[in-house]
Amino acid sequence: MTDDVRALAERMYEAFNARDLAAAEAIFSADFVSHPLGTVGVDSVVKAWSGLHAMFPDIQVIVEDMLVDADKVAVRTSLHGIPAGVEEQVLPSMMEIFWVRDGRIAELWGLSSLSRPGR
C-alpha cells in the first residue's frame, strides 16, 4: 500500500506541474476535503490549481521530502517560478499531509509560506 500511496502523491504533483486539471478527477476523491482552504470536492482542487497557474504561470512544485506511513503522506515542497519580489529572496515552501482512501486523496492538511494577494 505504501508504494501506491507514494505514487498517488507523486502523480498529484506531476499533474499540477503539467497543468493537467483533468487528472484531478482520478487523483482526488469526489468528497475531497482541503482543510487549509475550507473546501470540498474535486472542483475546488481545479479552481485552486487554476488560480495558482493564472497568478504564477511558471510555477512548479518540487518535492523535497516525502514520508509515507500506511495511508498518510507528509510532503515538504518548494515552489519555483514565483516572480522576484513576490516572496523576497527565499523560495516559498509548503508542508502538506494527505490521507488516501480507496486509492484517492481524500483529505489534505497543510501550511504554505506563499503570500497570496486577497487572502
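Calculation criteria
- Residues numbered from 1 in each chain as written.
- Predicted model: local features only at pLDDT ≥ 70, side-chain atom pairs only at ≥ 80, totals over all residues.
- Heavy atoms only, no water.
- Core = buried A, V, L, I, M, F, W, Y, C linked by side-chain atoms within 4.5 Å.
- Buried < 20%, exposed > 50% of the residue type's maximum accessible area, 1.4 Å probe, protein only.
- Helix = DSSP H or I, 4+ residues; strand = E, 2+ residues; numbered from the N terminus.
- Contact = heavy atoms within 4.5 Å.
- Pairing = 2+ DSSP bridges.
- Axes fitted to C-alpha atoms, helices over the stretch in contact; angles between N-to-C directions.
- Polar contact = N/O pair within 3.5 Å; in protein donor to acceptor, adjacent residues only side chain to side chain.

S.K.: Which residues make up the nonpolar core, and what values go with them?
M.R.: One finds Met-12, Ile-27, Phe-28, Trp-49, Val-73, Phe-98 and Ile-105 to be the most contacted residues of the largest nonpolar core, which totals 31 residues. Take this core: its biggest share by element is seven residues, from helix H1 (residues 2-18). Aside from chain neighbours lying at most four places away, what touches Phe-98 is Met-12, Tyr-13, Asp-71, Lys-72, Val-73, Val-75, Ile-105, Glu-107 and Leu-108.

S.K.: How would you explain the sheet that holds strand S2 (residues 39-40) if you had to name every residue and give the values?
M.R.: Read from one edge of the open sheet, six strands run S2-S1-S6-S5-S4-S3, paired in mixed fashion. Both outer strands of the open sheet, S2 and strand S3 (60-69), are each paired with one neighbouring strand and no more. Where strand S1 (residues 28-34) lies against strand S6 (residues 104-112), three bridges are found, and the strand directions are parallel. By the bridge assignment, Phe-28 is partnered in S6 with Ile-105. Against the sheet, H1 touches S1, S3, strand S4 (72-80), strand S5 (93-101) and S6, its axis set at about 165 degrees to S3.

S.K.: Describe the environment of Ser-29, listing the residues and the values that go with them.
M.R.: Structurally, the position occupied by Ser-29 is in strand S1. In this structure the C-alpha to C-alpha distance between Ser-29 and Asp-3, which are 26 residues apart in sequence, comes to 19 Å. Residue contacts for Ser-29: discarding those within four places in its chain leaves Val-42, Arg-101, Arg-104, Ile-105 and Ala-106. Looking at Ser-29, its side chain comes within polar contact range of the side chain of Asp-31, at 3.0 Å.

Function cannot be read off these values alone, since they describe shape.
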